[in-house]
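Overview (structure and organization)
Take a look at the letters that make up each chain.
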Amino acid sequence: MLKLFLLFFLSLSLLPFISCSDDYESFVYAGCSETKYTPGSPYQLNVESLLTSLSKAAESSTYANDTSSTASSADPAYGLFQCRADLPISDCDSCIRSALSQLSALCPAATGGGVQLRSCFLRYDKESFIGKPDNTLLYKRCGGAAAGGYASNIFGMRDAALGSLTTAPPTGGSYRVGGAGYVQAMAQCVGDLSPQECSDCVESAVAQVKAACGFAVGADVYLGKCYLQYWSNGAYPSRHDHVDETGKTLAIIIGILAAVALILVFLSFIRRAGSRGLYSFFYSISLMHPWTKISFI
């Protein structure tokens, strides 16, 4: 089983993943197995072959699963990818390539790993998970609370919009959209589920988003084999909502560094001007200013 971790609990060294310019490739979560494979082992070769195959498949499809046992039938690697159904093939290909790159960086030598980006998902493992339902809640993101709590008419619309997702569309498929009033909703299951298994997963997602996000005007939930989103009046939770504290911290640090730089430049200018007394005065003030003292915990 993958040991999941959320991006906003990671170190600042991983923050570049947040600032991806293409929103459909923005990072959501990742998970890695605790066990590692031996470098150069048959399993590593099977994983590399599998990921190469999935990358190739993403050039012409929005979903594929595969099993690789080229190097050793005793150590097969199982994997799949899926893009949002309304994503153009070219964007799906780009999203999966980004997921592969991040998976390599986040889960080096892991026997199993998965990465969820905004519009695509990639996973591989030593144990077969293909075709097996999984309604485990992996990640949630809740927007702000609606004014008036549940008394707000938004929640009648939300419940109707979410309820419309639990019935399989007449055309079949794993991608579902719904709406009521000014609330919109969408859900998608991984392509290895049957229509009934997909409906079961979406029903579980509906129940879990209501329980986890309460009166939120918009929310996302990602389960093992499906995800669900709803939003209202453009109040869809920004991808930066869940890293709000990190964003504030970075803004403070940048402000501090800018202030320090300005002080140093100013002091250097005064020193070059030969104003020794004035320099000493400003220097003593700068030492007392809390912005000139930066510490990282």
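Counting of residues starts from 1 at the beginning of each chain's written sequence and follows it residue by residue. Note on the predicted model: pLDDT of at least 70 is required for a residue's local features to be given, and 80 or more for side-chain atom pairs to be given and counted; whole-chain, interface and lining totals, by contrast, use all residues. The side-chain quantities take in all heavy atoms of the structure and omit both hydrogens and water.

This part is about the overall build of the protein. Helix and strand counts for the protein stand at six helices and 11 strands. Type-normalised accessible area, obtained with a 1.4 Å probe on protein chains alone, sets the label of each residue: buried when under 20%, exposed when over 50%, and partly exposed for intermediate values. Within the protein, the fraction of its 297 residues that count as buried is 45%. Counted over contacts in the protein with a minimum sequence separation of 6, partners at least 24 positions apart contribute 66%. Calculation of accessible area relied on Shrake-Rupley with a 1.4 Å probe; when residues are assessed, cover is drawn exclusively from the protein chains displayed. With an accessible surface of roughly 14,700 Å², the protein has 60% of that area assigned to carbon and sulfur atoms. Every helix listed is a DSSP run of H or I at least four residues long, and every strand listed is a run of E at least two residues long, numbered separately from the N terminus. Any two residues whose heavy atoms approach within 4.5 Å are treated as being in contact.

Among the structural elements, Gly178 can be located in strand β8 (residues 175-180). Under the relative-accessibility criterion, Gly178 is labelled buried at 15%. For the pair formed by Gly178 and Leu162, sequence separation is 16 residues and the distance between their alpha carbons is 7.0 Å.

As a further point, take the state of the cysteines. Note on terminology: pairs of cysteine sulfur atoms within 2.5 Å are recorded as disulfides. This model, assessed by the stated rule, comprises six disulfides. Residue pairing for Cys32: its cysteine sulfur links by disulfide to Cys107, the two sulfurs lying 1.9 Å apart. An S-S torsion of about -70° defines the bridge between Cys32 and Cys107 as left-handed. Of this pair, Cys32 sits in strand β2 (residues 27-32) while Cys107 sits in the loop between α2 (89-106) and β5 (113-117), and the two are 75 residues apart along the sequence. Here Cys32 and Cys107 have matching classes, each one buried. In this model Cys95 forms its disulfide with Cys120; the gap between the sulfur atoms is 2.1 Å. The sign of the -85° torsion about the S-S bond sets the Cys95-Cys120 disulfide as left-handed. With a gap of 25 residues between them, Cys95 in helix α2 and Cys120 in strand β6 (residues 120-125) connect regions that are remote in the sequence. Relative accessible area serves as the criterion here: at 0%, Cys95 is assigned to the buried category. Assigning the bonded cysteines of the protein consecutive numbers by sequence position, one obtains the connectivity 1-5, 2-3, 4-6, 7-11, 8-9, 10-12.

Attention now moves to the sheet that holds β8. Within the open sheet, the five strands sit side by side as β7-β10-β11-β9-β8. Their pairing is antiparallel. Of all strands in the sheet, those with a lone pairing partner are β7 (137-142) and β8, marking the two edges. Ignoring which end each strand starts from, the neighbouring axes of this sheet average 10° apart. Note that β7 and strand β10 (residues 219-223) share five bridges and pair antiparallel. Note that in β10 the partner of Tyr139 across the bridge is Tyr222. Fitted lines through C-alpha atoms give the axes, limited to the stretch in contact for helices. The angle between two N-to-C directions lies from 0 to 180 degrees. Across the sheet, helix α3 (residues 154-163) lies against β8, β9 (183-189) and β11 (226-232), angled at about 30° from β9, the strand it touches most. Note on pairing: two strands pair once DSSP finds at least 2 bridges between them.

We now examine the pattern of salt bridges. A carboxyl oxygen of Asp or Glu within 4 Å of a side-chain nitrogen of Lys or Arg is what we treat as a salt bridge. Overall, the coordinates contain 11 salt bridges when judged by the stated rule. A salt bridge links Glu59 to Lys56; the shortest N-O distance between them is 3.4 Å. The exposure class of Glu59 is partly exposed, given its relative accessible area of 36%. Residue classification places Lys56 among the exposed positions, given a relative accessible area of 55%.

A few words now on α2. Taking 1.5 Å of rise per residue, the 18 residues of α2 would be expected to cover 26 Å, and the 25 Å separating its terminal C-alpha atoms lies within 8% of that figure. Within α2 the residues assigned to the buried category are Cys92, Asp93, Cys95, Ile96, Ser98, Ala99, Leu100, Gln102, Leu103 and Leu106. The length a helix should cover is 1.5 Å for every residue beyond the first.

With that settled, the discussion passes to helix α4 (residues 195-213). Over its 19 residues, α4 extends 26 Å from the first C-alpha to the last, a length consistent with the 27 Å expected when each residue adds 1.5 Å. Every buried residue of α4 is accounted for by Cys198, Ser199, Cys201, Val202, Ser204, Ala205, Val206, Val209 and Cys213. In this fold, the buried residues of α4 make contact with β7, α3, β8, β9, β10 and β11.

Right, let's get into the packing of aromatic side chains. In this analysis, rings of Phe, Tyr and Trp, with Trp reduced to its six-membered ring, are considered paired at centre separations within 6.5 Å, and the interplanar angle assigns stacked below 30 degrees, edge-to-face beyond 60, and tilted for intermediate values. Scanning the entire structure with this criterion turns up six aromatic pairs. When the ring of Tyr29 is compared with that of Tyr139, the centres are 5.9 Å apart and the planes differ by 35°; the resulting orientation is tilted. Taken together, the positions of Tyr29 in strand β2 and Tyr139 in strand β7 put the pair 110 residues apart, joining distant regions of the chain. Through pairs of rings, three or more aromatic residues link up here, namely Tyr29, Tyr139, Tyr222 and Tyr227. Consider the ring centre and the ring normal. A charge sits over the ring if Lys NZ or Arg CZ is within 6 Å of that centre and within 35 degrees of that normal. Sitting above the plane of the Phe129 ring, Arg123 keeps its charged end 4.0 Å from the centroid. One Lys or Arg, Lys126, reaches over the ring of Tyr43 and ends 4.2 Å from the middle of that ring.

Axis separation between α3 and α4 bottoms out at 10 Å; the angle between their running directions is 155°. Compared by their axis directions, α3 and α4 come out roughly antiparallel. Relative to α4, the crossing made by α3 is right-handed. Residues Arg158, Asp159 and Leu162 of α3 touch α4, and the partners they reach there are Val206, Val209 and Lys210. Of the residues contributing to the contact of α3 with α4, the split by class is three nonpolar, no polar and three charged. For classification purposes, an angle smaller than 35 degrees is called roughly parallel, one larger than 145 roughly antiparallel, one from 65 to 115 roughly perpendicular, and anything else oblique. The hand of a helix crossing depends on one turn: near helix anticlockwise from the far one by less than a right angle means left-handed, and clockwise means right-handed. Note on residue classes: Ala, Val, Leu, Ile, Met, Phe, Trp, Tyr, Cys and Pro are nonpolar, Asp, Glu, Lys and Arg are charged, and everything else, Gly too, is polar.

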